Amino acid sequence: MEMTDNSPRDNFPEVADRASDATTRPTALPIKPPSSSAGWKIIPETLELRERIKRAAVDYLAGVDRSKALTRAQLQQWAQDLLIRLGLGEQYLGFAAVCLSNEFWREQLMAIDFTKRLLLLPHCLKHAEGCPADYDEFGLDCRKCGACTIADFKTRAEDLGYKVLVAEGTPIVLKIILSGQVDGIVGVACLNVLEKALDKVLQVQVPALAVPLLSSNCKNTSVDVHWVQEVIALRAVPPAVQTRSYLPLLRAANDLFAGELETLAPRLRSPSANHDPLALTETIAYDWLRQGGKRFRPFITLAAYDALQGAPATCRKEPVSFPVPVKRIALAIEVFHKASLVHDDIEDNDAYRYGQETLHRQYGIATAINVGDYLIGLGYRLAARCRNEMDGAACSDILHKLAEAHMKLSEGQGAELAWRDAADKTLTPLDALKIYALKTAPAFEAALYAGLRLAGPGHQYEKPVAEFCRHLGVAFQILNDLQDWDGDDDNKLLAGQDILSGRPTLLLALALEGLPAPQRQMVLHLLEQTDVGVERLETVRRWFESAGVFARAEQLVEKHRARAEAVADEIQPDSLRELLYYLVDNVLVRRRRQPEDASPEAPFRPTVSIPLSLAVVH
Ligand code: SF4
C-alpha cells in the first residue's frame, strides 16, 4: 500500500481505531514470530525504506492514547500490524517495533530537560583499529579523537547537557534511572541489544528513544548519523498527555534504602561503634540491606497502597511521599527478603550474589546465620512499630500475614532440603510445583496484601491476591529454572547450576518423567557428583531438549501467566488491576544474559556534577 501525502490518518483509518483502542489488554499475537528472534532483526536495507517505516509509525500512532504505558505484547502487535499494512515482511519486526516505541515516547522525551537525559552509545561504533580510548568501570572513555562518530555524538550531547555513557550495560543504566538522575534515555545500539534493553525500559516505563545500528557486527558498525543527531536535539514543550508510569514508585522503593533507611529503621547501636562486638551484627546487617536488589517487593507494597488511592503516584514526575507506616512496612518486606537470601545462600552453598561473595563466604556461616536472624527480628520490629502510627487491627493483620509467609517459605525450603538429603530421588512435577508455591508465592502475597491492608480493610482481596500470587510465584520459579540453563556471569554461575547443586526443580521432575531409563539413571547419578564437567551438562541439556523438558516448562509458565491474568481480569478498581498486569509483565520476563555489563558498583563518569552515592539496582 503506497503512502499518499493527504491526511495520513486516511492511510490507516481502521488502524488508528485499533491503535487507539489501548484499553483492551492485547491478546496473543496474530502471527507467531519466527522461532529464532534473529529472523525479525533485519535492518531495512535502504535509507528510503527505513524512512518509510519511520513515517508510517508516526501515522500509525496518530491519536493513540499515550496515558497508558506500553507493553511488549502491545508493541509487537502494533509492529506486526504496521508491516502487514505496508506490505512488508516480518523480518523488519524489530525495526518497526523500535520506530513505534520511539513514536510513542517522542513527545514526552522531547519535554525532558537535556540535563535529565542519558545518551547511551555502543562501543562497537568506535574505530576498532585506531581507537586510543581505554575501558574503565564506566565503559569506554572516549578521547574524542574524531576517528569515529562517537566523538561527534558525545560532544553534541554534552554541549546540550546530556549525561553520556559509551557502554551497553543495563544494570548501571537502571541504577541511574532509579536514582532519579535521569528521566529519559536516547540509545544507539544494534537490535539485539535493544531487544534486551526493551524489557528494562518497559519495566521502569521511562521515555526512551532508540536508533538501531545498521548491523550487529559488534565492530566498526555504522548508523544513520542524521537520525542520531536529530533525536539528540529533540526539544519541545510538555505534551498534553503524560504516560502513567510506575517509575516514581520504583524510585520511592529505592529511596527507602538510599536515604531513608536510618530514619525509618534507626539503629540500636551507634554506627560509629564499629569495633564494638555488640554492634558488629547490626553493622553487617545494615551494610547488607544497602547492597544490591531490585527493591521490587517494597515497590509492590507501595504500588498496591497507591493503587487503592487511585494511583496518583503513577501520574507524578516529582518524587512521591508516603505515610511513615506505609514506608516502614515496605521496608520490613524487603528486610525479610534480604534475611531469606542470607539463609538461602547458605543452604544452597551459593558463592556469589549481586556479583559479590555471599555473606557466609565473607563472614563465615555462623555469623551469616546470625545476621539473617537479626534481620528477621528487625523486620518484625519495623512492622510492629506501626501499631502506634496506624490502625492497630491493620497492623496485626499485616504481622499475621508476614508470619504466615515466613512459615510457608520455611516449609517450602524445608521440603527442598529434605529431598536433597534423601536417598530416594523420586520427584514428580506436582511435587516440584508444590515446593514452588510455598517458596516464592508467599513473599509476593505478603508484599501485595500489606499494601492493600494499609489502604483499607482489604478482606475482598485476600483470596484473589493469594491465588494471583500463587500463579505468579510458580511461573516466576519455573522461569528461574529455565534461566539457570543460560548461566549467570555476574554471579559466576555455570549454565545448569541446579543440576550441579542437586536442586529438586520442575525441569528435573519433567526429565525424570520423560527420559528413557538409562538417561534417567545417568541424571540421577549426576546429582550425586560434585565435579560434573561442562560437557556432561551439555549432554544433559540435549537430553532435556529431546524429552521436551524446556518446551513443557515454558508451556507451564504460560499456563500460570494466563491464570494470574484471569484473576487480575476480575479485580477492581482499574488501578489495582493494571498493577497486577504490570507485575505479570515484569516479573515473568525471561531475562537473557548480558555479556558486557559494567560493574554494578560504579555510577557513570561524571562529565557534569553528579552525587556519587547512588543506590545499587540489581
Ligand atoms: S572518537 Fe572516541 S571512540 Fe571514536 S575512535 Fe576516537 S577515542 Fe575512540
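The structure this text deals with has already been given above.
Quick summary incoming for the structure in this document. (Residues numbered from 1 in each chain as written. Predicted model: local features only at pLDDT ≥ 70, side-chain atom pairs only at ≥ 80, totals over all residues. Heavy atoms only, no water.)

### Quick look at the overall build of the chain
Part 1: Regarding its fold elements, the chain presents 26 helices and eight strands.
Part 2: Looking at the 618 residues of the chain, the share that counts as buried comes to 55%.
Part 3: For the chain, the exposed area adds up to about 25,500 Å²; of that, 55% sits on carbon and sulfur atoms. (Helix = DSSP H or I, 4+ residues; strand = E, 2+ residues; numbered from the N terminus. Buried < 20%, exposed > 50% of the residue type's maximum accessible area, 1.4 Å probe, protein only. Areas by Shrake-Rupley, 256 points an atom, 1.4 Å probe, with all protein chains shown as cover.)

### Overview of the pairing of strand β4 (residues 163–166)
Part 1: The two faces of β4 match: K163 and L165 on one face and V164 and V166 on the other face are all buried.
Part 2: Pairing between strand β1 (residues 117–121) and β4: four bridges, direction parallel. Within the sheet, the bridge partner assigned to L118 lies in β4 and is K163. (Pairing = 2+ DSSP bridges.)

### Some words on the packing of helix α19 (residues 441–455) against helix α26 (residues 574–587)
When two helices pack together, their arrangement is given by the angle between the helix axes and the distance between those axes.
Part 1: In contact at an axis separation of 13 Å, α19 and α26 are set at 155 degrees when each is read in the N-to-C sense. Classified by the angle between their axes, α19 and α26 sit roughly antiparallel to one another. For the element pair α19 and α26, the recorded crossing hand is right-handed. Where α19 approaches α26, its residues F444, L448 and L452 are matched on the opposing element by L576, L579, L580, L583 and V587.
Part 2: Considering only residue class, the contact of α19 with α26 consists of eight nonpolar, no polar and no charged. (Axes fitted to C-alpha atoms, helices over the stretch in contact; angles between N-to-C directions. Parallel < 35°, antiparallel > 145°, perpendicular 65-115°, else oblique. Left-handed = near helix turned anticlockwise from the far one by under 90°. Contact = heavy atoms within 4.5 Å. Nonpolar A, V, L, I, M, F, W, Y, C, P; charged D, E, K, R; others polar.)

### Quick notes on the environment of S410
Part 1: Tracing the backbone through its elements, the reader meets S410 in helix α17 (residues 392–421).
Part 2: On the basis of relative accessible area, S410 is assigned to the partly exposed category, the value being 44%.
Part 3: Measuring from C-alpha to C-alpha, the distance between S410 and L438 comes to 8.1 Å, with 28 residues separating the pair along the chain.

### Focus: helix α23 (residues 517–528)
Owing to its 3.6 residues per turn, the α-helix brings residues three or four apart onto one side.
Part 1: For α23, which comprises twelve residues, the first-to-last C-alpha distance of 17 Å matches the rise-based estimate of 16 Å (1.5 Å per residue) to within 8%.
Part 2: Among the residues of α23, those classed as buried are V523, L526 and L527. Projected down its long axis, α23 shows its buried positions confined to an angular sector of 105 degrees, all on one face. Opposite its buried face, α23 presents the exposed residues P518 and E528, each directed more than 90 degrees away.
Part 3: Considering only its buried residues, α23 is in contact with α17, α21 (497–500), α22 (506–514) and α24 (534–546). (Expected span 1.5 Å × (residues − 1). Arc of directions from axis to C-beta.)

### Comments concerning the sheet that holds β4
Part 1: A sheet is described by the order of its strands in space; here four strands give the open sequence β4-β1-β5-β6, paired in parallel fashion. Edge positions in the open sheet fall to β4 and β6 (208–212), since each of these has one partner strand only. The average angle at which neighbouring strand axes cross in this sheet is 15 degrees, direction not considered.
Part 2: Of the strand pairs in this sheet, β1 and strand β5 (residues 184–189) are connected by four bridges, and their pairing is parallel. From the neighbouring strand, L119 faces β5, where its bridge partner is V186.
Part 3: Against the sheet, helix α8 (residues 191–204) contacts β5 and β6, and its axis sits at roughly 170 degrees relative to β6.
Part 4: Most of the contacts of helix α9 (residues 225–232) go to β6, to which it runs at about 170 degrees, and overall it touches β1, β5 and β6.

### Some remarks on helix α25 (residues 549–569)
Part 1: Over its 21 residues, α25 extends 30 Å from the first C-alpha to the last, a length consistent with the 30 Å expected when each residue adds 1.5 Å.
Part 2: Residues of α25 that are buried include every one of V549, F550, A553, L556, V557, H560, R561, A564, E565, V567 and A568, and no others.
Part 3: The inward-facing, buried residues of α25 contact α20 (459–484), α22, α24 and α26.

### Things to note about the pairing of β1
Part 1: Across the five residues of β1, five count as buried, placing the element largely inside the fold.
Part 2: Burial along β1 is two-sided: the residues R117, L119 and L121 and L118 and L120 are all buried.

### Quick look at unusual backbone geometry
Part 1: Following Q572, the chain continues to P573 via a peptide bond in cis, the omega torsion being -5 degrees.
Part 2: Mapped onto the elements, P573 comes out in the loop between α25 and α26.
Part 3: Positive phi, close to 55 degrees, is recorded for K144, a residue that is not glycine.
Part 4: On the basis of relative accessibility, which here comes to 36%, the residue K144 falls in the partly exposed class.
Part 5: Here the phi dihedral of A311 falls at roughly 60 degrees; this positive angle occurs in a residue that is not glycine.
Part 6: Here A311 is to be found in the loop between α13 (296–307) and α14 (324–347).
Part 7: A relative accessible area of 8% places A311 in the buried class.

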